[in-house]
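Notes for the structure review
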Amino acid sequence: ITNASNTTVESGARITADATGNGVGGTVIVWADHDPIFEGEVSARGAGSGRGGFIEVSGKENLHFRGLANASSPRGLRGTVLFDPGSVSVGNAASTLPIATVTALLDTNTNVIIATHSGDIVFKSLTGDFRDVSVQWNTDASLGVFASGNVVFRNHARTAGAGSVNVIAGWV
């Protein structure tokens, strides 16, 4: 299969790999050799006691994610959403990955992994005031942050639930 140079999922587009009955959510991968631009909706939800699925939105260079994702399950194990660009900034709506998106996924009890293969991950302050909360959730979901370069938190990442925050910088 040939890789796409750029991939665009426009606003209003929907990709679904949801389970039916009592099943496991499916797998959805949106990939580009350069820039994935994602503004639509993607879901890989579990059904009944089935676990949530796996969603990946990745590109070798930049990520532009302004959409919605859901890999949750009503009674089963949570699924995972992976963002895997060259580098990423997590911040306001102008960032490559909005804080609101990460928080919404964690709040729906979906694990989130942000990993880079060639750059940094920067969690920006929304207002310049370091007291505003960057990423905060109250579920059992976990946040994984794995950068080949640096990981910079200019604000908070915290859970009030049983989830975890895992951070590794300089991994290959």
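Just so you know, these numbers come straight off a predicted model, no measurement behind them.

1. Comments concerning a nonpolar patch on the surface
On the surface, Phe153, Val165 and Val167 cluster together into a nonpolar patch covering about 210 Å² of accessible area. By the secondary structure assignment, Phe153 is in strand 16 (residues 151–153).

2. Let's talk about the sheet that holds strand 10 (residues 88–91)
Taken in spatial order, the four strands line up as 11-10-13-16 in an open sheet, and their pairing is parallel. Of all strands in the sheet, those bounded by a partner on one side alone are strand 11 (97–98) and strand 16. Two strands pair when backbone bridges link them, and strand 10 and strand 11 are joined in this way by two bridges, in the parallel orientation. Across the sheet, the residue bridging to Val90 is Leu97, located in strand 11.

3. Brief notes about the confidence of the model for the chain
Taken over all residues, the pLDDT of the chain has a mean of 90, while the share at 70 or more is 95%. Within the chain, strand 17 (residues 157–159) has the poorest average pLDDT of any element, 86, and strand 2 (residues 14–16) the best, 98.

4. As for the pattern of salt bridges
For the structure on display, the rule yields four salt bridges. Measuring nitrogen to oxygen at the nearest pair gives 4.0 Å for the salt bridge that ties Asp33 to Lys60. Within this pair, whereas Asp33 is found in the loop between strand 3 (27–32) and strand 4 (36–38), its partner Lys60 is found in the loop between strand 6 (54–59) and strand 7 (64–65), the two being separated by 27 residues in sequence. Between Arg78 and Asp140 there is a salt bridge whose closest N-O contact spans 3.9 Å. Here Asp140 lies in the loop between strand 14 (135–137) and strand 15 (143–147) and Arg78 lies in the loop between strand 8 (68–70) and strand 9 (80–84), a separation of 62 residues in the sequence. On the accessibility criterion, Arg78 (25% relative accessible area) is partly exposed. For Asp140, a relative accessible area of 39% corresponds to the partly exposed category.

5. A short note on the packing of aromatic side chains
In this structure the tally under the stated criterion is four aromatic pairs. Where Phe123 meets Phe153, the ring centres are 4.5 Å apart and the plane angle is 10°; that geometry is what we call stacked. Note that Phe123 is positioned in strand 13 (residues 121–123) and Phe153 in strand 16, a separation of 30 residues in sequence. One aromatic cluster is present, formed by Phe38, Phe65 and Phe83 through successive ring pairs.

6. Section: unusual backbone geometry
Phi at Asn109 is positive, roughly 65°, even though this residue is not glycine. Tracing the backbone shows Asn109 in the loop between helix 1 (99–107) and strand 12 (111–115).

7. So, the sheet that holds strand 6
Strand order in the open sheet formed by six strands is 3-6-9-12-15-18, and the pairing between neighbours is parallel. Each end of this open sheet is capped by a strand with a single partner; those strands are strand 3 and strand 18 (165–169). Going from strand to strand, the sheet's axes swing by 5° on average, the running direction of each strand aside. Pairing analysis gives five bridges linking strand 15 to strand 18, with the strands arranged parallel. When the bridges of strand 18 are listed, Val145 appears paired with Val167.

Scoring rules and cut-offs
Residues numbered from 1 in each chain as written. Predicted model: local features only at pLDDT ≥ 70, side-chain atom pairs only at ≥ 80, totals over all residues. Heavy atoms only, no water. Patch = residues over 30% accessible without salt bridge, like charges linked within 9 Å, V, L, I, M, F, W, Y side chains within 5 Å. Areas by Shrake-Rupley, 256 points an atom, 1.4 Å probe, with all protein chains shown as cover. Salt bridge = Lys/Arg side-chain N within 4 Å of Asp/Glu carboxyl O. Helix = DSSP H or I, 4+ residues; strand = E, 2+ residues; numbered from the N terminus. Pairing = 2+ DSSP bridges. pLDDT = per-residue confidence, 0-100. Buried < 20%, exposed > 50% of the residue type's maximum accessible area, 1.4 Å probe, protein only. Phe/Tyr/Trp six-rings, centres within 6.5 Å; stacked < 30°, edge-to-face > 60°. Axes fitted to C-alpha atoms, helices over the stretch in contact; angles between N-to-C directions.

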